[in-house]
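As a plain string of letters, each chain reads:
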Amino acid sequence: DAMVIQNPRYQVTQFGKPVTLSCSQTLNHNVMYWYQQKSSQAPKLLFHYYDKDFNNEADTPDNFQSRRPNTSFCFLDIRSPGLGDAAMYLCATSTIGGDIQYFGAGTRLSVL
Amino acid sequence: QKEVEQNSGPLSVPEGAIASLNCTYSDRGSQSFFWYRQYSGKSPELIMFIYSNGDKEDGRFTAQLNKASQYVSLLIRDSQPSDSATYLCAVNMGRGSTLGRLYFGRGTQLTVWP
């Protein structure tokens, strides 16, 4: 089945230790999104890619970076995680011009 | 400021009842509207989308849209305990290069008790 896969499902890191979360998709969608969702809050868009074009949200901290080496894969890098970065990170995909987004299962990040 | 507001709940209904979830949005030009269900600790799952004014039915779920009032709702008929989850309203407020950009509400937590 075509799908969006996030790895790992759970990630524990130390304060200030860089961490990378990954997302892959078999849907062949052009657009990939990264959201941060904290408890009882709405998913917050961090950035998204239209193909290779990177679109950063104005309020996304510089601590968050992303890479998309090819259509199938997208990575979220947190350079120096703080306690406030503990959250669920969601990857989603869509077609260009399509507005139905397909979510992966998410990665739960804990920062110690 | 583009915003999506939902009644925060929690909403509690007995099994078999109708659950009504409401959402308002700020961008009058929005064209597409979504309801996602999110179980605790899981990712959002799309359950309904609607583009035109009026009602759209899918099984026990009915989405209702009123663009003039900037209001969208979700009705769940014959509610089941398995419907207990947080329901997220999302609105596409993107334009041009940000087409497809969804704005989410904070969600309404629904509990269906046996």
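Residues numbered from 1 in each chain as written. Chains lettered and ligands numbered in written order. Predicted model: local features only at pLDDT ≥ 70, side-chain atom pairs only at ≥ 80, totals over all residues. Heavy atoms only, no water.

Some details on the overall build of chain B
Link 1 in the chain: Within chain B, the secondary structure is distributed over zero helices and eleven strands.
Link 2 in the chain: Secondary structure elements in chain B, listed N-terminal to C-terminal, are β-β-β-β-β-β-β-β-β-β-β.
Link 3 in the chain: A compact globule built from 114 residues should have a C-alpha radius of gyration of about 13 Å, and chain B, at 14 Å, falls within 12% of that.
Link 4 in the chain: Dimensions of chain B along its principal axes, counting C-alpha atoms only, are 45 × 30 × 20 Å.
Link 5 in the chain: Residue burial in chain B is summarised as follows: out of 114 residues, 46% are buried.
Link 6 in the chain: Across chain B, the fraction of contacts at a sequence separation of at least 24, relative to all contacts at a separation of at least 6, is 54%.
Link 7 in the chain: Just so you have it, chain B exposes about 5300 Å², and 49% of that area is on carbon and sulfur atoms.
Link 8 in the chain: Computed over 11 positive and 10 negative side-chain charges, the separation of the two mean positions in chain B equals 8 Å. (Helix = DSSP H or I, 4+ residues; strand = E, 2+ residues; numbered from the N terminus. Rg over C-alpha atoms; globule rule 2.2 N^0.38 Å. Buried < 20%, exposed > 50% of the residue type's maximum accessible area, 1.4 Å probe, protein only. Contact = heavy atoms within 4.5 Å. Areas by Shrake-Rupley, 256 points an atom, 1.4 Å probe, with all protein chains shown as cover. Lys, Arg positive; Asp, Glu negative; His and termini not counted. Charge placed at Lys NZ, Arg CZ, Asp CG, Glu CD.)

Observations concerning the side chain of A:Thr93
Residue and element names in this part refer to chain A.
Link 1 in the chain: Take Thr 93: it is sitting in strand β9 (residues 87-94).
Link 2 in the chain: Among the polar contacts made by the side chain of Thr 93, one reaches the side chain of His 29 at a distance of 2.8 Å.
Link 3 in the chain: Contacts of Thr 93, omitting those with residues within four sequence positions, involve Val 4, Gln 25, Leu 27, His 29, Val 31, Met 32, Tyr 33, Ile 100, Gln 101 and Tyr 102. (Polar contact = N/O pair within 3.5 Å; in protein donor to acceptor, adjacent residues only side chain to side chain.)

Observations regarding the interface of chain B and chain A
Link 1 in the chain: On the chain A side, the residues contacting the 22 residues of chain B number 23 residues.
Link 2 in the chain: Roughly 1700 Å² of surface becomes buried between chain B and chain A when both sides are summed, with 52% attributable to carbon and sulfur atoms.
Link 3 in the chain: When residues of chain B are sorted by the area they lose upon contact with chain A, B:Arg101, B:Phe104 and B:Arg106 head the list and together hold 27% of the total.
Link 4 in the chain: On the surface where chain B and chain A come into contact, there are one salt bridge.
Link 5 in the chain: Two residues, B:Arg101 and A:Glu57, come together in a salt bridge whose shortest N-O distance is 2.7 Å.
Link 6 in the chain: For the side of chain B that touches chain A, the element with the most residues is strand β4 (residues 32-38) of chain B, which contributes four residues.
Link 7 in the chain: Class assignment of the residues belonging to the side of chain B that touches chain A gives a composition of ten nonpolar, nine polar and three charged. (Buried area = accessible area lost by both parts, 1.4 Å probe. Salt bridge = Lys/Arg side-chain N within 4 Å of Asp/Glu carboxyl O. Nonpolar A, V, L, I, M, F, W, Y, C, P; charged D, E, K, R; others polar.)

Structural notes on the environment of A:Asn30
Residue and element names in this part refer to chain A.
Link 1 in the chain: Inspection of the secondary structure puts Asn 30 in the loop between β3 (19-25) and β4 (31-37).
Link 2 in the chain: With a relative accessible area of 28%, Asn 30 lands in the partly exposed category.
Link 3 in the chain: Measuring from C-alpha to C-alpha, the distance between Asn 30 and Gly 98 comes to 10.0 Å, with 68 residues separating the pair along the chain.
Link 4 in the chain: The residues contacting Asn 30, other than those within four sequence positions of it, are Tyr 49, Tyr 50, Asp 51, Arg 68, Ser 94 and Ile 96.
Link 5 in the chain: At 2.7 Å, the side chain of Asn 30 forms a polar contact with the side chain of Asp 51.

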